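Survey of secondary and tertiary structure
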2 protein chains.
Amino acid sequence: MSSPPSSTPPRGTSARRATIIDVAARAGVSRQTVTRAVNDMPGISAATRERVLRAAQELNYRPSRFGRGLVEQGPTTLGVVIKDLSNSFFAELGAALVRSSAPHGWNVVLAEIDHAPEPERVAVELSRRVDAIVGYGVDIDDIRGAIGMPVVHLDGSARQAESAGVVQFGAAAAMDDLARHLEVSGVRRPMVLDLAMAGAAGPSIRAQGLVAALDRIRGAAAAPVVAVDARDGHRDVLEAVLADGADALIAFNDELAVRLLHGLRSLGVDVPGRVRVVGVDGLAISGLVTPELTTLAIDIAEIAEQTVALVAGMLEGAVPLHGEQALRTVPYRLLVRDSA
Amino acid sequence: MSSPPSSTPPRGTSARRATIIDVAARAGVSRQTVTRAVNDMPGISAATRERVLRAAQELNYRPSRFGRGLVEQGPTTLGVVIKDLSNSFFAELGAALVRSSAPHGWNVVLAEIDHAPEPERVAVELSRRVDAIVGYGVDIDDIRGAIGMPVVHLDGSARQAESAGVVQFGAAAAMDDLARHLEVSGVRRPMVLDLAMAGAAGPSIRAQGLVAALDRIRGAAAAPVVAVDARDGHRDVLEAVLADGADALIAFNDELAVRLLHGLRSLGVDVPGRVRVVGVDGLAISGLVTPELTTLAIDIAEIAEQTVALVAGMLEGAVPLHGEQALRTVPYRLLVRDSA
DNA sequence: CTGAAAGCGCTAACAC
DNA sequence: GTGTTAGCGCTTTCAG
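Only a predicted model underlies this, so the values are computations on that prediction, with no experimental measurement involved. (Residues numbered from 1 in each chain as written. Chains lettered and ligands numbered in written order. Predicted model: local features only at pLDDT ≥ 70, side-chain atom pairs only at ≥ 80, totals over all residues. Heavy atoms only, no water.)

A few points about the interface of chain B and chain A
Contacts between the two partners involve 62 residues from chain B, matched on the other side by 64 residues from chain A. Of the roughly 5,600 Å² buried between chain B and chain A on both sides combined, carbon and sulfur atoms contribute 54%. The three residues of chain B that bury the most area against chain A are Arg65, Ile147 and Leu288 of chain B, which together make up 14% of that side's buried surface. The interface formed by chain B and chain A contains 12 salt bridges. In this structure, Arg129 of chain B engages Glu72 of chain A in a salt bridge whose closest nitrogen and oxygen atoms are separated by 3.6 Å. (Contact = heavy atoms within 4.5 Å. Buried area = accessible area lost by both parts, 1.4 Å probe. Salt bridge = Lys/Arg side-chain N within 4 Å of Asp/Glu carboxyl O.)

Structure, rendered in structure tokens:
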């Protein structure tokens, strides 16, 4: 691959995508006739259609969706920016957003931050291709070019509502419920198992919230936070916290909790007898493991509904792009099952 | 703006989306100046920018992504049509496709068939908005309008390769391995638990393949196929098949298998002692339940890679849109763990 | 710093 | 049956 000195477009396979004009020229017809052939419209002879289609094929012609959208008024497109799609919670949320968008006739473009070549550019790029942006880690300042574009932060803070829409995940009440539940269950040394985020300095917001809530358990010292790797075996960590006297493990999310449960089982540790385990999210799997997982559950479908409704309102101009009216809250609820 | 006598657009909230021209008029500047303000470009005075932005805001102006894409040559957009995103396998596949597309700089539009208002129109509609289509249940004949558009069937048949690209999931070999494994384990009465699909007449293709493979177990009669509901408790079904003497349950997929495991546990039935359980897919959860699930696993990331590579080849014109060269196969592999 | 002109690729409406 | 005309909304020249 010889790189030309200046800006000569690559010659080889993809010189320049063929347009309707190229096809028209090659088939010796007008552009309109090409349109008719390609879109299977009436008012064209079979012979001509054949000829046009052949020309199109030879040129590897594909209609530009932009030209088409311009004249046809394409559907609203929602850009969804997800941190990490291999995280079940995010994956389910993405799916729910797709589903909630369908009744509106919207298209949904899904983009992932964590595994992107240029993570910080994902949202910016996407914002130029869609009508609204929803997601995590979207830096509103980066999108200032997108004047008037609805932006909704998922799991955002009230502060973020000063500059964009926010769907808040209300965890405080449920965390308090959890602390109370653990307290009456006799827990005295709860520990928070946080997910080790790349590049994160301290504990996650969620872990901090958990610690704060747990702090209200009488007779218990401040709950320690232990960062664990998302995909690891956790065996060492488990042995360590057990040796440290932990009698309740609050995991960052259900996925981690289920892994913990699995690890404890292979260690022969009784749950909830010897140690209790709690997850966060309320994913389907949490109800399918043994013992069934006690968890702080949030209704993902509800989040998606609220989000889409909020965006729809913004698009119509019925809801301001930021401020109080652009703030929604979906609560977590304590789901007591067998593991704690 | 004097509205012409005849086609007055609706006045209310959503009259007609404001264009750059409306903004220019309102701000008393040229379109180009609006572009400069909106895109945060240099060569414009702060005062003018302010004025333009205000006008834009007042008109609820958002740039059209089509007009923009037309002149800017937007990225390739891949349309992914998934049957049911609440099925973990499909959700993971969708996520994997997003991830595999990122290095190419492609955008991915995800659409779901099963919960769409008009299921049969999903793929057709989408095909007019994207550069290539990948997915399940895409009727190639419906998309004939999309001349030259790459279409790839996921989990397709060799026959479908006559008209489109296909990524085949090769199950035969793994199913044979499974049958052999069950045979030497002493299984004599395996049963297939199929997912009851709405509107499906008989057993799924997968169930049929399983039955065919199981048929080779010496001393066993043809394996019965029992259709079960995706979300149900399965208790009745479980009791029935157990009463019927089943000593191995092959589930349509891991999700069902995990539910089965859960049901069996609450029934106090020993797995694999009393009955063995096998899943299909190889999802993450299959390794996190007790006993760990024996399953026919397929590499989802590999499927996504192959699919994206195939589409890329088609887009470049390097790979034909159908035929042998447009056929790829990703195999299932028998993953023997504890449940069978 | 601002504006005018050209053109991106396509289709609807109206000729012929 | 086919071609011509006129945009769709935006950004990129190039002139002022």
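That covers the picture; the talk isn't over yet.
What about the protein's contact with DNA strand C?
In the vicinity of DNA strand C, 28 residues are found, and the nearest of them are Ile20, Arg31 and Ser64 of chain A together with Thr33 and Thr48 of chain B. Counting only the atoms of DNA strand C that lie within 4 Å of the protein, the sugar and phosphate share comes to 60%. With respect to DNA strand C, the side chain of Arg68 of chain A contributes an N or O atom lying 2.9 Å from a phosphate oxygen. Between Thr48 of chain B and DNA strand C, the recorded distance is 2.6 Å, taken from a side-chain N or O atom to a phosphate oxygen. Those elements that place two or more of their residues in the surface near DNA strand C are α2 (31-38) and α4 (65-72) of chain A together with α2 (31-38) and α4 (65-72) of chain B. The residue inventory of the surface near DNA strand C, partitioned by class, reads 10 nonpolar, 12 polar and 6 charged. (Near = heavy atom within 4 Å. Polar contact = N/O pair within 3.5 Å; in protein donor to acceptor, adjacent residues only side chain to side chain. Helix = DSSP H or I, 4+ residues; strand = E, 2+ residues; numbered from the N terminus. Nonpolar A, V, L, I, M, F, W, Y, C, P; charged D, E, K, R; others polar.)

Observations regarding the packing of helix α7 (residues 172-184) of chain A against helix α8 (residues 205-214) of chain A
Residue and element names in this part refer to chain A. Interhelical geometry of α7 versus α8 gives an angle of 45° and a closest axis separation of 8 Å. Judged by the angle between their axes, α7 and α8 are oblique. Crossing geometry of α7 relative to α8 is assigned as right-handed. Along the contact surface, α7 presents Met175, Asp176, Ala179 and Leu182, while α8 presents Arg206, Gly209, Leu210, Ala213 and Leu214. Of the residues belonging to the contact of α7 with α8, the class tally is 6 nonpolar, 1 polar and 2 charged. (Axes fitted to C-alpha atoms, helices over the stretch in contact; angles between N-to-C directions. Parallel < 35°, antiparallel > 145°, perpendicular 65-115°, else oblique. Left-handed = near helix turned anticlockwise from the far one by under 90°.)

Observations concerning the sheet that holds strand β7 (residues 225-228) of chain B
Residues and elements named next belong to chain B. One open sheet holds the 6 strands; their spatial order is β7-β6-β8-β9-β10-β12, and the pairing between them is mixed. Either end of the sheet is taken by a strand with one partner, and the two such strands are β7 and β12 (333-335). Strand after strand, the sheet turns through a mean of 25° between neighbouring axes, direction not considered. Looking at chain direction, strand β10 (residues 294-297) and β12 are connected through 3 bridges and run antiparallel. Bridge pairing links Leu296 to Leu334 in β12. Contacts between helix α8 (residues 205-214) and the sheet are confined to β6 (190-195), β7, β8 (248-251), β9 (276-281) and β10, with β6 contributing the most and set at about 170° to the helix. (Pairing = 2+ DSSP bridges.)

Quick word on the relation of the copies chain B and chain A
At an RMSD of 0.1 Å, chain B and chain A line up after a rotation of 180° and a shift of 0.0 Å along the axis. When the rotation and shift are considered jointly, the pair of chain copies conforms to a two-fold rotation axis. With an isologous cut-off of 70% or more, the 100% of interface residues of chain B that recur at the interface of chain A puts this contact in the isologous class. (Least-squares fit on C-alpha atoms with pLDDT ≥ 70 in both.)

Observations concerning helix α7 (residues 172-184) of chain B
All names here are of chain B. In this model α7 runs 19 Å from its N-terminal to its C-terminal C-alpha over 13 residues, within 8% of the 18 Å that 1.5 Å per residue would give. Of the residues making up α7, those classed as buried are Ala174, Met175, Leu178, Ala179, His181, Leu182 and Glu183. Looking at the buried positions of α7, the neighbouring elements they touch are α8, β8, β9, β10 and β12. Taken from the residues just after α7, Gly186 is the one with a positive phi, measuring 90°. (Expected span 1.5 Å × (residues − 1). Buried < 20%, exposed > 50% of the residue type's maximum accessible area, 1.4 Å probe, protein only.)

Things to note about the UniProt feature "domain: HTH lacI-type" (unreviewed entry) in chain A
Residues given the UniProt feature "domain: HTH lacI-type" (unreviewed entry) here are residues 18-72 of chain A. Taken end to end, residues 18-72 of chain A has its terminal C-alpha atoms 21 Å apart, with 67% of it in helix and 0% in strand. (UniProt positions renumbered as here; feature names shortened; annotations may be inferred.)

Topic: the nonpolar core
In this structure, Phe89, Leu249 and Leu264 of chain A together with Phe89, Leu249 and Leu264 of chain B are the most contacted members of the largest nonpolar core, which totals 166 residues. Residue contacts for Phe89 of chain B: discarding those within four places in its chain leaves Tyr136, Phe169, Asp281, Leu283, Ile298, Ile300 and Ile303 of chain B. Counting residues in hydrophobic clusters, the runner-up holds 30 residues, among them Ala116, Val130, Met149 and Val151 of chain B. (Core = buried A, V, L, I, M, F, W, Y, C linked by side-chain atoms within 4.5 Å.)

With respect to the protein's contact with DNA strand D
Neighbouring DNA strand D are 28 residues, the closest being Thr48 of chain A together with Ile20, Arg31, Gln32 and Ser64 of chain B. Near-protein atoms of DNA strand D (within 4 Å) split between backbone and bases, with sugar and phosphate holding 58%. With respect to DNA strand D, the backbone of Ile20 of chain B contributes an N or O atom lying 2.4 Å from a phosphate oxygen. In this structure, Asn39 of chain B approaches DNA strand D through a side-chain N or O atom, which is 2.8 Å from a phosphate oxygen. Breaking the surface near DNA strand D down by element, the ones donating at least two residues are α2 and α4 of chain A together with α2 and α4 of chain B.

So, the pattern of salt bridges
One pass over the full model with this rule turns up 29 salt bridges over all chains. One salt bridge connects Asp131 of chain B with Arg17 of chain A, and the closest N-O pair in it is separated by 3.5 Å. With one member in each of two chains, Asp131 of chain B in the loop between α6 (122-127) and β3 (132-135) and Arg17 of chain A in the segment before α1 (20-27) form a pair that bridges those chains. According to the relative accessible area criterion, Arg17 of chain A is partly exposed, its value standing at 35%. Taken together, the shared-partner salt bridges connect Arg17 and Arg65 of chain A together with Asp131 of chain B into one network.

Quick look at the side chain of Thr294 of chain A
All names here are of chain A. With respect to the element layout, Thr294 can be found in strand β10 (residues 294-297). Overall, the relative accessible area of 0% leaves Thr294 in the buried class. Among the polar contacts made by the side chain of Thr294, one reaches the main-chain amide nitrogen of Arg337 at a distance of 2.8 Å. Every residue in contact with Thr294, bar those within four places of it in the chain, is listed here: Val277, Val278, Gly279, Leu334, Leu335, Val336, Arg337, Asp338, Ser339 and Ala340.

Here's the deal with the pairing of strand β4 (residues 151-154) of chain A
Residue and element names in this part refer to chain A. Here β4 shows two buried faces, one formed by Val151 and His153 and the other by Val152 and Leu154. Across 3 bridges, the pairing between strand β3 (residues 132-135) and β4 is parallel. Within the sheet, the bridge partner assigned to Val134 lies in β4 and is Val152. Relative to strand β5 (residues 165-170), β4 is paired through 3 bridges, and the arrangement is parallel. Along β5, the bridge assignment pairs Leu154 with Val167.

Notes on the pairing of strand β2 (residues 107-112) of chain B
Burial within β2 of chain B is extensive, with 6 of its 6 residues counted as buried. Alternating residues of β2 of chain B divide into Asn107, Val109 and Ala111 of chain B and Val108, Leu110 and Glu112 of chain B, and every residue in both groups is buried. Pairing of strand β2 (residues 107-112) of chain A with β2 of chain B, which is carried by 3 bridges, proceeds in the antiparallel orientation. Residue Leu110 of chain A lies in a different strand from β2 of chain B, and its bridge partner there is Val108 of chain B. Note: strand β1 (residues 77-82) of chain B against β2 of chain B, 6 bridges, orientation parallel.

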